[in-house]
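Residues per chain are reported as follows:
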Amino acid sequence: MKKKVLLMGASGSGKTSMRSLIFSNNPASLTTRLGATIDVEQNHVRFLGDLILNLWDCGGQDAFMDSYLTTQRSTIFQHVGVLIYVFDVETNEMHKDLEYYRDCLEGLRQYSPDAAVFLLVHKMDLARDRDATFEKKKKDLQEQSDKVQGPAAIPVTVFGTSIYDESLYRAWSSIVHTLIPNAAVLSKHLTIFAEACSATEVILFERTTFLVIATSSPPSANLEPTRYERTSELIKAFKRSCSRVREEFHALEMELPQFSAVLDELTKNTYILIIVHDPAVETAALRLNVRMARRKFE
Ligand code: GTP
């Protein structure tokens, strides 16, 4: 199954940077070297075996935008599963950006009326009052979207993101989650697995991006809300360190006085992280459980 994901927005808003961070595991510091995208760059990313993301990174210079909206209109906007539109929070050209955005939304309604729409107010690290700025932008964008769509609107989800913190992972994890056809079933199976392991929580990550695919039902304990994204970032940094010393990353085990954790391959395309607070549970038993559950999740 293939899902077309359109990544659009003004030139310099940060589209290629986020793609490079999420899908090529490059650090944020390297993004300053990226050149402008010429026309559309297409990428295929395999997710969970049979789900393939067909990512269209659409260069945002005016000449390209004009062509997407005219001569290439049907090619660009047909068969779209998700539109991700990126706005630079610091832009001086919001008026123009919004005009293009509205036209893109119209194109989408015309050719892919069922597509989901996600808006990223990006480079939030540059905003002075982050919360207030985000709320204002979110309200504006929602109003603009309603203008195009009328009352029977497709829901538009707005995220504030930055490549310098976990907000970008959170947004992309939510986006990817909506693309997974059996997400609810996965969560149910993870919850059963968590119970079998006496685990506090079980999390399923996609193998190359380490985006969160699904989790067991969240425990009642008061846990850090950014834990998934921070774990993704730490593991990705650790994987990079492994590749620098030419070692391949396979699995991870931690036994601390407060908790233990096992991160292991579950299927060809996923890693599972099990967090246990019960000191009586051995990590070797957890790994055995993972091995036995593999077939069920493939
Ligand atoms: P086109 O390819 O021309 O459409 O542009 P683009 O949207 O792909 O922009 P690109 O990813 O090339 O990013 C432009 C610049 O923004 C780069 O110098 C990035 O380092 C910078 N950038 C990207 N994301 C962020 C962010 O979250 N915060 C800050 N401060 N800078 C960012």
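The present account deals with the structure reproduced in this document. Note that the structure is predicted; figures quoted are calculated from it, not measured.

Section: the packing of helix α1 (residues 15-23) against helix α6 (residues 167-179)
And step 1. Two elements in contact, α1 and α6, have axes whose closest approach is 11 Å; the angle formed by their N-to-C orientations is 80°. With respect to their mutual orientation, α1 and α6 come out roughly perpendicular. Mapping the contact onto sequence places M18, L21, I22 and F23 in α1 and L168, Y169 and W172 in α6.
And step 2. Class assignment of the residues belonging to the contact of α1 with α6 gives a composition of seven nonpolar, no polar and no charged.

Quick notes on the site of the ligand
And step 1. Taken together, 21 residues are adjacent to the ligand, and S11, T16, S17, T37 and G60 come closest.
And step 2. Between the ligand and K15, the relevant distance is 2.8 Å, taken from an oxygen atom to a side-chain nitrogen or oxygen of the residue.
And step 3. Between the ligand and T16 there is a distance of 2.7 Å, counted from an oxygen atom to a side-chain nitrogen or oxygen.
And step 4. Take the shell around the ligand: its biggest share by element is three residues, from α1.
And step 5. Taken together, the residues of the shell around the ligand sort by class into five nonpolar, 13 polar and three charged.

Some points on the nonpolar core
And step 1. In this structure, F47, W172, I272 and I274 are the most contacted members of the largest nonpolar core, which totals 48 residues.
And step 2. Not counting residues within four places of it along the chain, the set of residues in contact with I274 comprises F193, C197, A199, E201, V202, S260, A261, V262, L286 and V290.
And step 3. Among the nonpolar cores identified, the runner-up in size contains 33 residues, and W56, F87, L105 and V156 belong to it.

Quick notes on the sheet that holds strand β1 (residues 2-9)
Whenever strands of a sheet pair, they do so through backbone hydrogen bonds, lying parallel or antiparallel.
And step 1. Judged by pairing direction, the sheet is mixed, and its six strands sit side by side in the order β2-β3-β1-β4-β5-β6 without closing on themselves. The sheet is open, and its two borders are formed by β2 (40-47) and β6 (156-161), each paired with just one other strand. Shown here is a sheet whose adjacent strand axes are inclined to one another by a mean of 20°, direction ignored.
And step 2. Two elements, strand β4 (residues 80-88) and strand β5 (residues 116-122), share seven bridges in a ladder whose sense is parallel. Residue pairing across strands places D88 opposite H122, the latter belonging to β5.
And step 3. Against the sheet, α1 contacts β1, β2, β3 (51-58), β4 and β5, and its axis sits at roughly 150° relative to β3.
And step 4. Strands in contact with helix α5 (residues 130-149) are β4, β5 and β6; relative to β6, the strand with the most contacts, it is inclined by about 155°.

Focus on the pattern of salt bridges
And step 1. Scanning the entire structure with this criterion turns up 15 salt bridges.
And step 2. Salt-bridge contacts for D57 lead to R19; the nearest nitrogen and oxygen are separated by 3.4 Å. Placement of the pair is D57 in strand β3 and R19 in helix α1, with a sequence separation of 38 residues.
And step 3. Residue class for D57 comes out buried when judged on its relative accessible area of 0%.
And step 4. Close ionic contact of R227 with E201 constitutes a salt bridge, the shortest N to O distance being 2.9 Å. Here E201 lies in strand β7 (residues 201-206) and R227 lies in helix α8 (residues 227-244), a separation of 26 residues in the sequence.
And step 5. Connected through salt bridges with shared partners, the residues E253, D264, R287 and R294 form a single ionic network.

Side note on the pairing of β7
And step 1. For β7, the buried fraction is high: six of the six residues fall into the buried class.
And step 2. Residues E201, I203 and F205 of β7 are buried on one face, and the alternating residues V202, L204 and E206, pointing to the opposite face, are buried as well.
And step 3. In this structure, β7 lies alongside strand β11 (residues 270-276), joined through six bridges in antiparallel fashion. By the bridge assignment, I203 is partnered in β11 with L273.
And step 4. Hairpin connection from β7 to strand β8 (residues 212-215): five residues lie between these consecutive antiparallel strands, with F210 at a positive phi of about 60°.

Concerning the environment of I213
And step 1. Relative to the assigned elements, I213 resides in strand β8.
And step 2. With a relative accessible area of 0%, I213 lands in the buried category.
And step 3. In this structure the C-alpha to C-alpha distance between I213 and D140, which are 73 residues apart in sequence, comes to 30 Å.

Concerning the sheet that holds β7
And step 1. With antiparallel pairing, the five strands of this open sheet are ordered in space as β8-β7-β11-β10-β9. Among the strands making up the open sheet, the edge pair consists of β8 and β9 (252-255). The mean inter-strand angle of the sheet, taken between neighbouring strand axes irrespective of direction, is 20°.
And step 2. Helix α7 (residues 183-196) contacts β7, β8 and β11 of the sheet and is inclined by roughly 60° relative to β8.

Side note on the packing of aromatic side chains
And step 1. Evaluation of the coordinates by the stated rule reveals seven aromatic pairs.
And step 2. Taking 5.6 Å as the distance between ring centres and 75° as the angle between the ring planes, the aromatic pair formed by F87 and Y101 counts as edge-to-face. Of this pair, F87 sits in strand β4 while Y101 sits in helix α4 (residues 94-111), and the two are 14 residues apart along the sequence.
And step 3. Judged by centre distance (5.2 Å) and plane angle (40°), the rings of F205 and F210 are tilted.
And step 4. What makes F205 buried here is its relative accessible area of 0%.
And step 5. The class for F210 is buried, based on a relative accessible area of 0%.
And step 6. Among the aromatic residues, those joined into a ring-pair cluster are Y85, F87 and Y101.

Calculation notes
- Residues numbered from 1 in each chain as written.
- Predicted model: local features only at pLDDT ≥ 70, side-chain atom pairs only at ≥ 80, totals over all residues.
- Heavy atoms only, no water.
- Axes fitted to C-alpha atoms, helices over the stretch in contact; angles between N-to-C directions.
- Helix = DSSP H or I, 4+ residues; strand = E, 2+ residues; numbered from the N terminus.
- Parallel < 35°, antiparallel > 145°, perpendicular 65-115°, else oblique.
- Contact = heavy atoms within 4.5 Å.
- Nonpolar A, V, L, I, M, F, W, Y, C, P; charged D, E, K, R; others polar.
- Near = heavy atom within 4 Å.
- Polar contact = N/O pair within 3.5 Å; in protein donor to acceptor, adjacent residues only side chain to side chain.
- Core = buried A, V, L, I, M, F, W, Y, C linked by side-chain atoms within 4.5 Å.
- Buried < 20%, exposed > 50% of the residue type's maximum accessible area, 1.4 Å probe, protein only.
- Pairing = 2+ DSSP bridges.
- Salt bridge = Lys/Arg side-chain N within 4 Å of Asp/Glu carboxyl O.
- Phe/Tyr/Trp six-rings, centres within 6.5 Å; stacked < 30°, edge-to-face > 60°.

Limitation: the analysis is restricted to geometry and does not speak to function.
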